Amino acid sequence: MTTDPGHPAVRMYIAGQWCQGGARDTAPVVDPATEEVIGEVPLATRADLDRALEAATQGFETWRTTPVAERTAVLHRAADLIEERAPEIGRVMTREQGKPLGESTGEARRTAETLRWHADDARRAYGRIIPSAPGTVLTVRREPIGPVAAFVPWNFPVGGPNRKISSALSAGCSLVIKASEETPATAMELVRCYADAGLPPGVLNLVFGEPAEVSEHLISSPAVRLVAFTGSVPVGKLLAARAGEVMKPSLMELGGHAPVIVCADADPVRAARGAARAKWANAGQVCTSPSRFLVHESVVAEFTAEFVKAAEAVVVGDGLEEGTTMGPLANQRRLKAMERLTADAVARGATILTGGERPARPGYFFPPTVLTDVPADAELMSEEPFGPLAPLVPFRDLDEALTTANALPYGLAAYGFTDSAATAERLSAELQAGILSINHCGGSVHEAPSGGVKDSGYGREGGPEALDAYLITKRVSHLLAP
Ligand code: NAD
């Protein structure tokens, strides 16, 4: 296997040590822009996982008893390091995941801000005192739940792991995190910032491995008190079921299939520009990416013209090249999925307005693709594309659009464009989603909660709610003079 000496050598981080583990096996790390192998990732053995669990158990005792001001200081140092190293972290991310360098470094910088926000918020994880009988003090305390097993995917190689790490550590928990084997050096560089900031050994442990084997081992371990997962709905259901069998709470951030409703009274040009910007970000590999465009028939022509124009203005290329605005897909699975979903839609009568075919060059490239006349039974209308496909569907009245939008089992993000306050209120009340944006398609913000309803999962990341999963609520009733 040829690897690139310029790419960081991937190590796991267990009990405060960088290690290759038992190195039973490794997997290649591939640059999606060139399809070249740029590194290899060690896969944990069971003994490695047991060491990580033991370390997290001890790390939890250390961390939960560390004064909150000291914990916050370590986390702020880590945030400063992430920010300082954002250009280098961004380069590593682009090589492993493909997104343009500007998106990668931007993700690293936002990650630092998210960490600061959660670290500060943890200082206010107040309990309460409840009026009770004389001589009795009735209190509610919030305490860290314990060691966390976390599993994160490849689409946000720093932001994804950091959402789990920053919330868990801010709450006083320790973690064993399995980051994606496809973007391992990026996760490693993130963890290095925490290590260099002085996080005590064992508090944060990073492993890689065969996903099903690692999750089974960690979730079954009595040491683990919470399971936190971001990824696909089928895998989320598997892990949530397994966690339930061993009576462990879980936090599930799963996929969606976000509807965008453009109403008759919206400005179609503004809506098209906003939706297009969000659609092509990270080549559409975002769980909240707009993915079903329901446009009122009176504005569909104007919307379509502007949306196609925006799609054709996207510069697809290697994320490291100046001027690229959309990189390749992160892996071959996504490329195959784009080809399959496009072919299925066309076979059922859809028309491709732009894109639709991979370019003749190495790399997992697929262009922004806009389709119209997409029938309701096309796979693309019910399967999350998780890539740069945009089906446009006209509608006649809002009831019909809301029924279509809510028809799928998912409920993560939804978007609405309207000039009417009454319609905006109706969209807010009736769209079944955990994250709703009106008149824009903005991304997640750390100060507000994100999460799904229905099959898109449960629990929230971001905002004060982010700490809820990581804290238990304990009632203490203290009789002062027995
Ligand atoms: P996948 O279902 O094979 O894997 C998704 C993630 O889960 C990966 O990181 C993978 O390593 C991990 N995983 C898989 N099986 C696991 C197991 N048994 N235990 C623990 N982790 C496990 O899908 P994929 O091909 O990587 O991505 C495709 C789909 O996943 C997309 O279509 C999208 O719906 C979803 N996805 C969602 C998000 C998100 O942010 N919600 C992120 C990435 C992928």
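Residues numbered from 1 in each chain as written. Predicted model: local features only at pLDDT ≥ 70, side-chain atom pairs only at ≥ 80, totals over all residues. Heavy atoms only, no water.

Focus: the packing of aromatic side chains
Scanning all chains against the criterion turns up six aromatic pairs. Ring geometry for Trp-280 against Phe-307: centres 5.6 Å apart, planes inclined by 40°, an arrangement best described as tilted. Taken together, the positions of Trp-280 in helix H9 (residues 268-280) and Phe-307 in helix H10 (residues 300-312) put the pair 27 residues apart, joining distant regions of the chain. An identical accessibility class is assigned to Trp-280 and Phe-307; each is buried. Between Phe-303 and Phe-307, the ring centres sit 5.4 Å apart and the planes meet at 15°, which makes this aromatic pair stacked. With Phe-303 and Phe-307 both in helix H10, this residue pair falls four residues apart, about one helical turn. (Phe/Tyr/Trp six-rings, centres within 6.5 Å; stacked < 30°, edge-to-face > 60°. Helix = DSSP H or I, 4+ residues; strand = E, 2+ residues; numbered from the N terminus. Buried < 20%, exposed > 50% of the residue type's maximum accessible area, 1.4 Å probe, protein only.)

A few points about the site of the ligand
Around the ligand there are 22 residues in total, and Trp-154, Ser-215, Ser-232, Arg-333 and Glu-384 lie nearest to it. At a separation of 3.3 Å, a nitrogen atom of the ligand approaches a polar backbone atom of Gly-231. Contact with the protein chains hides 84% of the accessible area of the ligand, taken as 800 Å² for the molecule alone. Of all elements in the fold, only helix H7 (211-220), strand E10 (226-230), helix H8 (233-245) and helix H11 (332-347) reach the threshold of two or more residues within the shell around the ligand. Here the residues of the shell around the ligand sort into eleven nonpolar, six polar and five charged. When residues are assigned to domains, the shell around the ligand turns out to be shared by domain 1 (12-254 + 456-475) and domain 2 (258-444), each giving three or more. (Near = heavy atom within 4 Å. Polar contact = N/O pair within 3.5 Å; in protein donor to acceptor, adjacent residues only side chain to side chain. Areas by Shrake-Rupley, 256 points an atom, 1.4 Å probe, with all protein chains shown as cover. Nonpolar A, V, L, I, M, F, W, Y, C, P; charged D, E, K, R; others polar. Domains from an automatic or database assignment.)

Some details on the sheet that holds strand E13 (residues 290-296)
Reading across the sheet, the seven strands line up as E14-E15-E16-E13-E12-E17-E18 and stay open at both edges, with mixed pairing between neighbours. The two strands at the open ends of the sheet, each matched to only one other strand, are strand E14 (351-354) and strand E18 (435-438). Neighbour-to-neighbour, the strand axes of this sheet turn through a mean angle of 25°, independent of strand direction. Alignment of E13 against strand E16 (residues 389-395), held across four bridges, turns out to be parallel. Note that in E16 the partner of Phe-293 across the bridge is Leu-392. (Pairing = 2+ DSSP bridges. Axes fitted to C-alpha atoms, helices over the stretch in contact; angles between N-to-C directions.)

Description of the packing of helix H3 (residues 86-97) against helix H4 (residues 101-122)
At a closest axis distance of 8 Å, the pairing of H3 and H4 adopts a crossing angle of 125°. Accordingly, the angle class assigned to the pair H3 and H4 is oblique. For the pair H3 and H4, the sense of crossing is right-handed. Contacts from Ala-86, Pro-87, Ile-89, Gly-90, Arg-91, Met-93 and Thr-94 in H3 reach Leu-101, Ser-104, Thr-105, Glu-107, Ala-108 and Arg-109 in H4. Broken down by class, the residue content of the contact of H3 with H4 amounts to six nonpolar, four polar and three charged. (Parallel < 35°, antiparallel > 145°, perpendicular 65-115°, else oblique. Left-handed = near helix turned anticlockwise from the far one by under 90°. Contact = heavy atoms within 4.5 Å.)

Concerning the domain arrangement of the protein chain
Reports often express the size of an interface as the amount of accessible area lost when the parts come together. For the protein chain, the assigned domains read domain 1 (12-254 + 456-475) and domain 2 (258-444). A separation of 31 Å is found between the C-alpha centroids of domain 1 and domain 2. Counting residues at the interface gives 23 residues for domain 1, matched by 29 residues for domain 2. Note on domain 1 versus domain 2: buried area summed over both sides is about 2100 Å², and carbon and sulfur give 54% of it. Here domain 1 and domain 2 share two salt bridges between them. For the interface between domain 1 and domain 2, the tally reads eleven residue pairs in polar contact (both at pLDDT 80 or more). Of all elements in the fold, only H3 and H4 reach the threshold of two or more residues within the side of domain 1 that touches domain 2. For the side of domain 1 that touches domain 2, the class distribution of residues is nine nonpolar, six polar and eight charged. (Buried area = accessible area lost by both parts, 1.4 Å probe. Salt bridge = Lys/Arg side-chain N within 4 Å of Asp/Glu carboxyl O.)

A closer look at the sheet that holds strand E6 (residues 136-144)
The strands that make up a sheet are held in pairs by hydrogen bonds between backbone atoms, and each pair lies either parallel or antiparallel. Taken together, three strands build an open sheet; the order of strands is E5-E6-E20 and the sheet is antiparallel. Edge strands, defined here as strands with exactly one partner in the open sheet, are strand E5 (128-130) and strand E20 (471-479). Sheet twist, expressed as the average angle between the axes of neighbouring strands with direction ignored, equals 25°. Where E5 meets E6, three bridges bridge the pair, whose relative direction is antiparallel. Directly across from Arg-128, in E6, lies its bridge partner Val-140.

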